[in-house]
Amino acid sequence: MRILLNVCGSISAYKALDISRGLVKAGHQVRVVLSQGAKQFVIPQVFKYLGVEEVYSPEDDFKYPVTGSEGTVLHIELSKWCEKFVVAPLSANTLSKLAHGEASDLMLSTFLALGKNVPILLFPAMNEKMLENPLVKDNFSKLERLFPNLMVCPTEYGELACGDMGKGKLLDVSKIHSL
C-alpha cells in the first residue's frame, strides 16, 4: 500500500520515525510530509535512512515541478499517489486548518485534493484540556461529518509532555501499525 504519512508539530513527532520504519518493514511504500512545526522536532533525513521513499517540507509544493519529473503540481501528484492518508501526530493547530479547508502548505493542499475513497486516519496528540476543548471537539465532528472515509483514532491515557496525567497521548506505535 502507498501511505502518505503526515507529521505535525508535536512533541510526539519523534514517534513518526518508528511509525514510518514499521510501515516500511511491513512492505508499504511510504512518503512523508512534514509540517513547519514537525521540522522543529525531527530531522527529515532520518526518515530516508529508515526506508521512506521521500520526505517533503511544507514549502516543497512551491518548488515543484522538478526538472525531469512527470508531475506538474506536487500536492495533486501526492493525492493521486497515496492509497492511505495518515496524520500522526495530529496537532490541534493542524486539525483546525484541516477542518477549515486551509491550503497554506503541502500537507493541507494534498488533503484538499484527495479522492473521496482514500482512507484518512488522524492520530491526535495533545494535552487533555486541548482535546476536550469545545472548539477542538467541533473540528473533529466537522471532519467526521464531511468525510465518511475519515477515522479519528483514539488517544491513550498517561503522562503527557507537560507532566499532567490524562488523555491525549499519541496511540501506541504498534497499534498505529495495525490500523
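Residues numbered from 1 in each chain as written. Predicted model: local features only at pLDDT ≥ 70, side-chain atom pairs only at ≥ 80, totals over all residues. Heavy atoms only, no water.

**Q** Can you break down the overall build of the protein chain residue by residue, with the values?
**A** The helix and strand tally for the protein chain stands at 8 helices and 8 strands. Radius of gyration (C-alpha) of the protein chain: 15 Å, near the 16 Å computed for a compact globule of 179 residues. A total of 179 residues make up the protein chain; the buried ones form 48% of that total. Nonlocal contacts in the protein chain, meaning residues at least 24 apart in sequence, comprise 69% of its contacts between residues at least 6 apart. Roughly 8800 Å² of accessible area belongs to the protein chain as shown, and the carbon and sulfur atoms make up 54% of that amount. Measuring between centres, the 19 positive side-chain charges of the protein chain sit 2 Å from its 19 negative side-chain charges. (Helix = DSSP H or I, 4+ residues; strand = E, 2+ residues; numbered from the N terminus. Rg over C-alpha atoms; globule rule 2.2 N^0.38 Å. Buried < 20%, exposed > 50% of the residue type's maximum accessible area, 1.4 Å probe, protein only. Contact = heavy atoms within 4.5 Å. Areas by Shrake-Rupley, 256 points an atom, 1.4 Å probe, with all protein chains shown as cover. Lys, Arg positive; Asp, Glu negative; His and termini not counted. Charge placed at Lys NZ, Arg CZ, Asp CG, Glu CD.)

**Q** Account for the side chain of Asp-105, naming residues and giving values.
**A** Within the fold, Asp-105 resides in the loop between helix H4 (92–99) and helix H5 (106–113). It is Lys-97 that comes nearest to the buried, bridge-free Asp-105 among opposite-charge side chains, at 5.4 Å. In terms of polar contacts, Asp-105 uses its side chain to reach the backbone amide nitrogen of Met-107, at 3.3 Å. (Salt bridge = Lys/Arg side-chain N within 4 Å of Asp/Glu carboxyl O. Polar contact = N/O pair within 3.5 Å; in protein donor to acceptor, adjacent residues only side chain to side chain.)

**Q** Which residues make up H4, and what values go with them?
**A** Among all positions in H4, only Ala-92, Thr-94, Leu-95, Leu-98 and Ala-99 are buried. Angularly, the buried residues of H4 cover 160 degrees about the axis, an arc narrow enough to put them on a single face. Here the buried face of H4 lies against strand S4 (84–90), H5, strand S5 (120–124), helix H6 (128–131) and helix H7 (134–146). In the segment just after H4, Gly-101 is the residue with positive phi, at about 70 degrees. (Arc of directions from axis to C-beta.)

**Q** I'd love a proper account of the sheet that holds S5, names of residues and values included.
**A** Pairing is parallel in the open sheet, where 6 strands are placed in the order S3-S2-S1-S4-S5-S6. At either margin of the open sheet sits one strand with a lone partner, and together these are strand S3 (54–56) and strand S6 (150–152). With strand direction ignored, the average angle separating the axes of adjacent strands in the sheet is 20 degrees. Pairing analysis gives 4 bridges linking S4 to S5, with the strands arranged parallel. (Pairing = 2+ DSSP bridges. Axes fitted to C-alpha atoms, helices over the stretch in contact; angles between N-to-C directions.)

**Q** Outline the nonpolar core, supporting the account with residue identities and numerical values.
**A** Of all hydrophobic cores here, the largest spans 29 residues; its most connected members are Phe-85, Leu-90, Leu-122 and Leu-143. Within the residue set of this core, elements represented by two or more residues are helix H3 (74–81), S4, H4, H5, S5 and H7. If you look at the next biggest cluster of nonpolar residues, it comprises 26 residues, including Ala-13, Phe-47, Val-52 and Val-173. (Core = buried A, V, L, I, M, F, W, Y, C linked by side-chain atoms within 4.5 Å.)

**Q** Explain the packing of aromatic side chains to me, using residue names and the numbers behind them.
**A** All told, the structure shown has 2 aromatic pairs when counted by the stated rule. Seen in terms of ring centroids, Phe-85 and Phe-111 are 5.8 Å apart; in terms of plane orientation they differ by 50 degrees. Their pairing is tilted. Pair noted here: Phe-85 is in strand S4 and Phe-111 is in helix H5, with a separation of 26 residues, a long-range link. The buried category is assigned to Phe-85, whose relative accessible area is 0%. Judged by its relative accessible area of 4%, Phe-111 is buried. Ring geometry for Phe-111 versus Phe-147: centroids 5.2 Å apart, planes at 55 degrees, classification tilted. Within this pair, whereas Phe-111 is found in helix H5, its partner Phe-147 is found in the loop between H7 and S6, the two being separated by 36 residues in sequence. (Phe/Tyr/Trp six-rings, centres within 6.5 Å; stacked < 30°, edge-to-face > 60°.)

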